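# Residue-level structural notes
Listed here are the chains, written in short residue letters.
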Amino acid sequence: MCHTAHAVFPAHRLEVEGLVAERGERLLIRRLDLTLESGSLLQVAGRNGAGKTSLLRMLCGLSRPLEGRICWDGVPLHQREDGPTAHLAYLGHANALKDELSAEENLHIHSALQGSRPEQEAIRAALGRMGLVGHEDLPVKCLSQGQKRRVALARLLLVRRPLWVLDEPFAALDVQIIDVLRSALEAHLAANGMIVLTTHQAVPITGRQHTLTLGKAP
Amino acid sequence: MTGLLTAVMTLLRRDLILALRRRQDALVVLGFFVVVVSLFPLGVGPDPQLLRSMAPGVLWVSALLATMLSLERLFADDFRDGSLEQILLAPQPLSLLVVSKILAHWLVTGLPLVLASPLLGMQLGLNGTEILTLMGALLLGTPILSLVGAIGAALTLGLRGGGVLISLLILPLYVPALVLGAGALDAVMYGSSAQAHLSLLASLLIVTLLLAPWAIAAALRIMLD
């Protein structure tokens, strides 16, 4: 296993204060407080419809909570100078890949959009680590569901952000790639990164971790 | 600053590459424009004088309708595959990224209309100066159609029957461009100068270029919330 980047992130803090969220008329999250330190992982659990994805989207600043605030290093997301999202990488349900473009083109476009300009070798290395050697030049529509997910995951390795927000990262992956992803997550934690993820499978990850269960009866 | 430029150029290149690999989208718009304009002589009869006097309106209304056809997909594809979320998460100003998407849309759908218009103008019996005026007006007007249309496309994102809704929302907003664009051609046909119309059209383009990107960015944030 090759771990290329060993630079360590400086210490950061993610704080959620008094978060209230609703969907339609229904109160989804009532008064959630949490703090996440560098080098730790937060696993968001809960049944379907408990608001896991909604919470993740709020942490990314994609949607705004009804009440409460989300701070990165003590500054609310929407007041940050470098934009609300410059510190995070988000992997949603959708892979955000363009079917007509190759895996390599997709990654290149993504990193340019996110403000970094990686060399071709870095892109190929990230794809290689996800077990996609020989698939770099194929249009993404020719890849299987699991392979598309791996391309999406390769984005995380490419754009260096201290906070990873991952929605069901293990879905549709085969056992061998689950191992690769797990080691990538562990390497990110070891580099003082932060991870928030939702998953239905219990995947053992070494490192500091917390579990937050949404939708429990009060 | 270079990061912003890279992001804007990358998004523009991406949309152009995607348009090249899915050529039918752009061809449908151009084909629609050509077919609709060509239907008029068949419908109203081949009287050259009548066709000439109808030409400004026919050409502009056809251009509006052809543009409408392409609007629904402006953001819908990116919305469906999750790319739009990633664009929103980019650390660059959304309104500028939106401009590069609209520029790509104009290059793929608006510019072909401008380039095809001389042929259709000749078909309707316009002469050289009139055709030049028509092209000038379309060159100023079609970017307005893309910019204003993008507001509608953003506001109807993810809604059922979005295409029809865009038309209802946006066609009334196209009236100023239609009046000024067709008016420019009319003025030349009746022997006066088109300068006033073209200047107004250009100022309308500038105002739209300044305001529409903010509106579109705000609409996208709301629709993705």
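Keep in mind that this is a model prediction, so the values were computed, not measured.

Within chain A, the secondary structure is distributed over 5 helices and 9 strands. Reading the secondary structure of chain A in the N-to-C direction produces β-β-β-α-β-β-β-α-α-α-β-α-β-β. In terms of overall dimensions, chain A is globule-like: its C-alpha atoms have a radius of gyration of 17 Å, near the 17 Å expected for 218 residues. Each of the three principal axes of chain A carries a C-alpha extent, and together these read 50 × 35 × 30 Å.

Another point: the overall build of chain B. From N to C terminus, chain B includes 10 helices and 0 strands. Reading the helices (α) and strands (β) of chain B from amino to carboxyl end gives α-α-α-α-α-α-α-α-α-α. Taken against the 2.2 N^0.38 rule, which gives 17 Å for 225 residues, the C-alpha radius of gyration of chain B at 18 Å falls within 12% of a compact globule. If you line up chain B on its principal axes, its C-alpha atoms span 55 × 30 × 30 Å. Burial status across chain B gives 46% buried among its 225 residues. Sequence-distant contacts in chain B: of pairs separated by 6 or more residues, those separated by 24 or more amount to 79%.

Now for the UniProt feature "transmembrane region" (unreviewed entry) in chain B. Residues and elements named next belong to chain B. Per the UniProt record, the feature "transmembrane region" (unreviewed entry) sits at residues 26-45, 57-75, 96-119, 131-157, 164-185 and 197-220. Its end C-alpha atoms 30 Å apart, residues 164-185 is made of 82% helix and 0% strand. Its end C-alpha atoms 33 Å apart, residues 197-220 is made of 100% helix and 0% strand.

The subject of this paragraph is the interface of chain B and chain A. The interface is formed by 23 residues belonging to chain B together with 24 residues belonging to chain A. For the side of chain B that touches chain A, the secondary-structure elements that each account for two or more residues are α1 (2-21) and α5 (83-89) of chain B. Among the elements that make up the side of chain B that touches chain A, the one with the highest residue count is α1(B) (9 residues). The class makeup of the residues in the side of chain B that touches chain A is 10 nonpolar, 7 polar and 6 charged.

How two helices pack is summed up by the angle between their axes together with the distance between the axes. Residues and elements named next belong to chain B. Between helix α3 (residues 48-71) and helix α6 (residues 94-123), whose axes approach to 11 Å, the crossing angle comes to 155°. Judged by the angle between their axes, α3 and α6 are roughly antiparallel. Once α3 is placed against α6, the crossing between them reads as right-handed. Contact with α3, carried on its side by Ala55, Leu59, Ala63, Ala66, Thr67 and Ser70, involves His105, Thr109, Gly110, Leu113, Ser117, Leu120 and Gly121 of α6 and no other residues of that element. Partitioned by chemical class, the residues of the contact of α3 with α6 number 6 nonpolar, 7 polar and no charged.

The next thing to look at is helix α2 (residues 103-113) of chain A. Most of α2(A) is tucked away: 11 of the 11 residues are buried. Within the span of α2(A), buried status applies to A:Ala103, A:Glu104, A:Glu105, A:Asn106, A:Leu107, A:His108, A:Ile109, A:His110, A:Ser111, A:Ala112 and A:Leu113. Buried-residue contacts for α2(A) involve α3 (120-129) and α4 (145-158) of chain A together with α1 and α5 of chain B. Looking one or two residues past α2(A), A:Gly115 carries a phi angle of roughly 90°, positive in sign.

Two residues of an α-helix separated by three or four positions point the same way, owing to the 3.6 residues in each turn. With 20 residues, α1(B) should reach 28 Å at 1.5 Å per residue; the first-to-last C-alpha distance of 28 Å fits that figure. The set of residues buried in α1(B) consists of B:Ala7, B:Val8, B:Leu11, B:Arg14 and B:Asp15. Around the axis of α1(B), the buried residues are gathered within 125° of arc, so they sit on the same side. In α1(B), the exposed positions angled more than 90 degrees off the buried face are occupied by B:Thr2, B:Leu5, B:Met9, B:Leu20 and B:Arg21. Elements that come into contact with the buried residues of α1(B) comprise α2 of chain A together with α6 of chain B.

Ranked by internal contacts, the top residues of the largest apolar core, which has 124 residues, are A:Ala154, A:Val165, A:Ile195, B:Ala150 and B:Ala154. Apart from the residues within four sequence positions on either side, A:Ala154 is in contact with A:Leu107, A:Ala126, A:Leu127 and A:Met130.

Turning to the sheet that holds strand β2 (residues 26-37) of chain A, a few remarks are in order. Residue and element names in this part refer to chain A. Taken together, the 4 strands give an open sheet; going across it, the order is β2-β1-β4-β5, and neighbouring strands pair in antiparallel fashion. In the strand order of this sheet, the two ends are held by β2 and β5 (75-76), each with one partner. Of the strand pairs in this sheet, strand β1 (residues 13-23) and β2 are connected by 8 bridges, and their pairing is antiparallel. Bridge pairing links Leu19 to Leu32 in β2.

Mapping A:His110 onto the fold places it in helix α2. A tally of 28 C-beta atoms within 10 Å means that A:His110 is categorised as buried. For the pair formed by A:His110 and A:His93, sequence separation is 17 residues and the distance between their alpha carbons is 17 Å. Apart from residues lying up to four places away in sequence, A:His110 is in contact with A:Arg155 and B:Gln86.

Residue and element names in this part refer to chain B. Across chain B, pLDDT averages 93, with 100% of residues at or above 70. Mean pLDDT across the elements of chain B bottoms out in helix α8 (residues 162-170) (87) and peaks in helix α7 (residues 128-155) (96). With a pTM of 0.90, the predicted complex shows an ipTM of 0.88.

Residues and elements named next belong to chain A. Running from N to C, α2 and α3 cross one another at 120°; their axes reach a closest spacing of 10 Å. It follows that α2 is oblique to α3 by the angle criterion. The two elements α2 and α3 meet at a crossing, and its hand is right-handed. Of the residues in α3, those in contact with Ala103, Glu104, Leu107 and His108 of α2 are Ile123, Ala126 and Leu127.

Residue and element names in this part refer to chain B. Relative to the elements of secondary structure, Ile222 occurs in helix α10 (residues 195-224). When the 13 C-beta atoms within 10 Å are taken as the criterion, Ile222 is described as partly exposed. In sequence terms Ile222 and Pro172 are 50 residues apart; their C-alpha atoms lie 23 Å from each other.

How each quantity is defined
- Residues numbered from 1 in each chain as written.
- Chains lettered and ligands numbered in written order.
- Predicted model: local features only at pLDDT ≥ 70, side-chain atom pairs only at ≥ 80, totals over all residues.
- Helix = DSSP H or I, 4+ residues; strand = E, 2+ residues; numbered from the N terminus.
- Rg over C-alpha atoms; globule rule 2.2 N^0.38 Å.
- Buried ≥ 20, exposed ≤ 12 C-beta atoms within 10 Å, placed from the backbone.
- Contact = placed C-beta atoms within 7 Å.
- UniProt positions renumbered as here; feature names shortened; annotations may be inferred.
- Nonpolar A, V, L, I, M, F, W, Y, C, P; charged D, E, K, R; others polar.
- Axes fitted to C-alpha atoms, helices over the stretch in contact; angles between N-to-C directions.
- Parallel < 35°, antiparallel > 145°, perpendicular 65-115°, else oblique.
- Left-handed = near helix turned anticlockwise from the far one by under 90°.
- Expected span 1.5 Å × (residues − 1).
- Arc of directions from axis to C-beta.
- Core = buried A, V, L, I, M, F, W, Y, C linked by C-beta atoms within 7 Å.
- Pairing = 2+ DSSP bridges.
- pLDDT = per-residue confidence, 0-100.

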